Structures are given as structure tokens and as C-alpha cells.
Amino acid sequence: MRTVDFAKLNLQEGDRVLDLGCGEGRHMHAVYFAKDEIQAVGVDLLLEDVQKARKGFLDFPDLDPSSPRSFGFSVGNALKLPFADNTFDKIICSEVLEHIPDYLGAVKEINRVLKPGGTFGVSVPRYWPERICWALSEDYHNTPGGHVRIFSEGQLRGAVEAQGLSFLQRHWAHGLHSPYWWIRCAVGVRDDENFFVRTYHRFLAWDIVKRPWLTRMLEKIADPLMGKSVVMYFSKATQSGSA
């Protein structure tokens, strides 16, 4: 389930792209196949997730070893990225900053490794759908590795702009997913066997695979109303000072 829109990220042939907090690789796989020539790099704090993401590539039957595309993975901390300054043309950080106590330090590192003229796409849970989840369930956020804050859009935008990056645009995503998480939080976020949880999960899985026109239209309506995520895009000024 992809959150960042590659058209809004302005993904180009030959770009070197960092997926920070890549998890099991949902954006990494999409980046790799989005262009004929791309260098995709995934970083995550958890070795297990990095291994799963890499396995997803190695098990892909159409992976061409002679392709000009490339991919790589690393275990790393967002507060101390193992890359030189100005390394990446594009950076994706999707549903990560809400987990990091020192999120300002992570934003600073993102700015450091982003090339002048590069683009940064970031998503976090949207304020009011997230607030409902917190109100319904302590377990939703009060667990190791869980969400440590709820971002307002102004807070997130201000943190990134404070590093000198320029705001480009914003949209919302996954409007059909908010009710799923409200149901989970209401019945017990760890209760995977609840009838309503299982039924809604099957619906979401079907929608992701089939993508019928009806649910595409419903999501277009739902995203601005109750999108689970807010997604923002920023650009880093060129060395001459223009964005």
C-alpha cells in the first residue's frame, strides 16, 4: 500500500532514492519498478524488516540482474544515517516520524543527505483520525515502538521548513483505512479475530489487489474527509539558493 505519490515526488530516470524507514519494502518495490534507471536504497532500524524487504526483491520472478536499476538495504538509525551529505535526489519517509522521539533530529539528517534541488516526501498519521484512535485505545500507541506523538499539519510542515526546505504541496491518503483502525481500537487493537476486524481487513485486502473503480471513487471522496495519512512534499534549494 503506497502512500507517497511518485508524480508529486517528481521521480525521474537516474534518481538515487532513499526510503527511510522502509519496513518490509512497500515503497522500495514501487520505486524500483517506477523507472527504467533508478537506484533505490532502503534503510530501517529493524533487521527483520530489512531482511523481509530484501527477500521480496530476491524472490521476484521478473527481477533482471542486467537491468540498469539497482537496489540496496541497510540497517540504520534515522538520527545518524550512514551516508555522505547530499547523496540522494529523492527521499521518502512514510509513517515513520511519529515513532521517533527526536523527530527533529531525523528531519535534520534527512536534509543533510538530500541533494540540493532534491525532493522530500513525508507522511504521518493525520491529526483527527489519529486522535480518535488514541482516545479509543491505550494499546494503540502505548506499546514499544508505537506512536509517540500526534502531528498537526502545521507542526510537521514547520519542522521541515525550519531546515530550509520549501513546501510544495499536500494531500491525504487511505481514507478507507481510518474506519478499520477505529474498529480495531474500539474492540481491542490486538484482537485480530473480531468479526468486524476480519471482515473489514478482507475488504481492504481485496481493494488493494483488485482496485475496482467503485472503491477508487469512494477513496477519492474519503481521502480529504478522513484520510488516515497526510502527505507533504518539500524541495531543497539548489546551491545557488533557488528552490
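Further up the page is the structure itself.
These numbers come from a predicted model, not from an experiment. (Residues numbered from 1 in each chain as written. Predicted model: local features only at pLDDT ≥ 70, side-chain atom pairs only at ≥ 80, totals over all residues. Heavy atoms only, no water.)

1. Quick notes on the overall build of the protein
Each helix and strand in the protein was counted, giving 9 helices and 7 strands. In terms of overall dimensions, the protein is globule-like: its C-alpha atoms have a radius of gyration of 18 Å, near the 18 Å expected for 243 residues. Its C-alpha atoms put the protein at 55 × 45 × 35 Å along the principal axes. Looking at the protein as a whole, 48% of its 243 residues qualify as buried. When the accessible surface of the protein is totalled, it reaches about 12100 Å², and 55% of it is carbon and sulfur. (Helix = DSSP H or I, 4+ residues; strand = E, 2+ residues; numbered from the N terminus. Rg over C-alpha atoms; globule rule 2.2 N^0.38 Å. Buried < 20%, exposed > 50% of the residue type's maximum accessible area, 1.4 Å probe, protein only. Areas by Shrake-Rupley, 256 points an atom, 1.4 Å probe, with all protein chains shown as cover.)

2. A closer look at the environment of leucine 225
Along the polypeptide, leucine 225 turns up in helix 9 (residues 213-226). Overall, leucine 225 belongs to the exposed group, its relative accessible area being 58%. Spatially, the C-alpha atoms of leucine 225 and proline 129 are 9.9 Å apart, while their sequence positions differ by 96 residues. Contact partners of leucine 225, with chain neighbours within four places excluded, come to Arg126 and Trp128. (Contact = heavy atoms within 4.5 Å.)

3. Overview of a nonpolar patch on the surface
A surface patch of nonpolar side chains, amounting to about 470 Å² of accessible area, comprises Trp213, Leu214, Met217 and Leu218. Within the secondary structure layout, tryptophan 213 lies in helix 9. (Patch = residues over 30% accessible without salt bridge, like charges linked within 9 Å, V, L, I, M, F, W, Y side chains within 5 Å. Salt bridge = Lys/Arg side-chain N within 4 Å of Asp/Glu carboxyl O.)

4. Details of the state of the cysteines
Chemically, a disulfide is nothing more than a covalent bond linking the sulfur atoms of two cysteines. According to the stated counting rule, one finds 0 disulfides in the structure shown. Take cysteine 22: it sits in no disulfide, and the sulfur closest to it among the cysteines is that of cysteine 93, at 11 Å. As a non-bridged cysteine, cysteine 185 has cysteine 133 as the owner of its nearest cysteine sulfur, 4.0 Å distant. For cysteine 185, a relative accessible area of 3% corresponds to the buried category. (Disulfide = S-S within 2.5 Å.)

5. A short note on the pairing of strand 7 (residues 229-235)
Every regular strand shows the same layout, with side chains that alternate between the two sheet faces. Counting buried residues along strand 7, 7 of its 7 residues qualify, which places the element largely inside the surrounding structure. By the alternation rule, side chains of strand 7 split into Ser229, Val231, Tyr233 and Ser235 and Val230, Met232 and Phe234, which are all buried. Bridge count for strand 6 (residues 166-173) against strand 7 is 7 bridges, and the pairing is antiparallel. Residue pairing across strands places serine 166 opposite serine 235, the latter belonging to strand 7. (Pairing = 2+ DSSP bridges.)

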